[in-house]
Amino acid sequence: MSIKTFAAKIFAHRIDKRTQKWVQNPIATQEKVFKELIQKAKSTKFGKDHGFGFVHHHKDFVKHVPIRDYEELKTYVNLVVNGEEDVLWPGLPLYFAKTSGTTSGAKYIPITEASIKEQVKASRNAILNYIHETGKADFVTGKMIFLQGSPVLEEKNGIKLGRLSGISAHYVPNYLQKNRMPSWETNCIEDWETKVNAIVEETKNEDMTVIAGIPSWVQMYFEKLKENTNQHIGDLFKNFELFIYGGVNYEPYRKKFETLIGRKVASIELFPASEGFFAYQNSQKEKGMLLLLDAGIFYEFVRTDAFFTEHPKRHTLKDVEIDVDYVMIISTNAGLWAYNLGDTIRFVSLNPFKIVVSGRIKHFISAFGEHVIAKEVEEAMQIATNKTNASVSEFTVAPQISPEDMQLPYHEWFIEFEKTPDDMGKFITHLDEALQQQNSYYYDLIVGKVLQPLKITSIQHGGFMEYMKSIGKLGGQNKVQRLSNDRKVADALSKYKIS
């Protein structure tokens, strides 16, 4: 055992003891975070405008601070962007994480000194937790890569800005610097395809033990590696042990990954965002991710079925239930207050508090009242591919309200198959039945002859990649939208369909 491996195990044990302290006192931990956030920000512009001096309990907070998304908080954010201090959080943020806005261009998410420290700590602790649980630490002596955005940062009124993954690249600890891949120069390449090709050349002869990134873009890296070397990834990187991912559900990609790798490897799921690092997978044996309760973030939860009512109830941890979909609302040490992140989550354990990401509150299909969410279509896809031995590279789903043949409307699935099912009819049946079993509203619509069973439009190889390139979202942290309630994505993808 190397000194580095031994030290990693000792450190992992120490971190686990710290983690267990707040895991065993979840409600008290969140109450402490809440009070610290309010106290710290009560003299800011936002704090004064919202009476933080009178906020002592959650019910006071609900009374004084409404739920907002980015667009509704933008007035305050713009003041920060213009260089004004003490607006959302004392002083100025260290960075802005620049992301794509939904309605009005770029979004500038503030990142403070306190919040970036929590981001870095959570990333580190996710790996240390794996070491403590499994006892495996030899991988720390090998090479590690995170497929990320460029670390080159711009500047706006004295505040640096860039993609979150690019900002995070500046915080790789010294003891991992020699293990880190790719080179700084390659990491700075902006064009995604050029960058991946350069990464392939730099890594194909290295001892890669840890690979991390959004599954769809890691898949592209693996495919190019296999094309370049004519080897399975697991043979090329004999000590490849750990795949770390976040951003999307891994399950639709798992079969394809195992084919590319040639064997199974352990994986860790993360739940990071520009707004904060919320959870990580803390067990290789149990489902879900541990919700981080001591990370400078106070959580509220609103049931998805009540979210669009006039005054939805805002639950704290002590009120949540298992297997209910909630919109996650956050208040953070970066100055986001009662902020609608847009993600929906579901608790799979209350001791400890563990979650899965079930979708996006804005990404669903309810053109006919069915309210189908991402988790349901992803699980249906997994069931159908397993039963038919098919393999899928990427997919998205949209409603077809007005079929040209005047038949009943339906859900249209745009699928890029890696391996087409031998019997497409059976595949469609399994897919549709799996969705009906998960969503009673969809079942009722099918049985009641309001909808006909789903239809599939096959997309040519590389079609989704070309679509993402066409909208300027190839690579990095960008993800294919899994569900749409309109035909915008569907119409754009139609040019890549197989005739």
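So, how was this worked out
- Residues numbered from 1 in each chain as written.
- Predicted model: local features only at pLDDT ≥ 70, side-chain atom pairs only at ≥ 80, totals over all residues.
- Heavy atoms only, no water.
- Buried < 20%, exposed > 50% of the residue type's maximum accessible area, 1.4 Å probe, protein only.
- Helix = DSSP H or I, 4+ residues; strand = E, 2+ residues; numbered from the N terminus.
- Pairing = 2+ DSSP bridges.
- Contact = heavy atoms within 4.5 Å.
- Axes fitted to C-alpha atoms, helices over the stretch in contact; angles between N-to-C directions.
- Left-handed = near helix turned anticlockwise from the far one by under 90°.
- Nonpolar A, V, L, I, M, F, W, Y, C, P; charged D, E, K, R; others polar.
- Parallel < 35°, antiparallel > 145°, perpendicular 65-115°, else oblique.
- Patch = residues over 30% accessible without salt bridge, like charges linked within 9 Å, V, L, I, M, F, W, Y side chains within 5 Å.
- Areas by Shrake-Rupley, 256 points an atom, 1.4 Å probe, with all protein chains shown as cover.
- Salt bridge = Lys/Arg side-chain N within 4 Å of Asp/Glu carboxyl O.

1. Quick word on the pairing of strand 17 (residues 410-419)
- The buried fraction of strand 17 amounts to eight of the 10 residues, a majority that puts the element mostly inside the structure.
- Note that strand 16 (residues 391-400) and strand 17 share nine bridges and pair antiparallel. The residue of strand 17 that forms the bridge with F395 is I415.
- Note: strand 17 against strand 18 (residues 455-458), four bridges, orientation parallel. Within strand 18, the residue paired with F414 across the bridge is T457.

2. Here we look at the environment of G335
- By secondary structure assignment, the location of G335 is in the loop between strand 13 (325-332) and strand 14 (339-350).
- According to the relative accessible area criterion, G335 is buried, its value standing at 0%.
- The sequence separation of G335 and K107 amounts to 228 residues, and the corresponding C-alpha distance is 15 Å.
- If we skip the residues at most four places from it in the chain, G335 touches L88 and W89.

3. Focus on the packing of helix 13 (residues 374-388) against helix 14 (residues 424-438)
- Between helix 13 and helix 14, the least distance of the axes is 8 Å, while the angle of their chain directions is 145°. When the axes of helix 13 and helix 14 are compared, the crossing they make is right-handed. Listed contacts from helix 14 to K375, E376, V377, E379, A380, M381, I383, A384, T385, K387 and T388 of helix 13 are K426, F427, H430, L431, A434, L435 and Q438.
- Counted by class, the contact of helix 13 with helix 14 contains nine nonpolar, four polar and five charged residues.

4. Details of the packing of helix 1 (residues 3-23) against helix 6 (residues 113-134)
- Between helix 1 and helix 6, the least distance of the axes is 8 Å, while the angle of their chain directions is 105°. One element, helix 1, and the other, helix 6, form an angle in the roughly perpendicular class. Together, A8, K9, F11, A12, H13, I15 and D16 of helix 1 and R124, N125, L128, I131 and H132 of helix 6 make up the contact between the two elements.
- The class makeup of the residues in the contact of helix 1 with helix 6 is six nonpolar, three polar and three charged.

5. Some points on a nonpolar patch on the surface
- On the surface, a cluster of nonpolar side chains totalling about 350 Å² of accessible area is made up of M1, F6 and I10.
- Checked against the element boundaries, M1 lands in the segment before helix 1.

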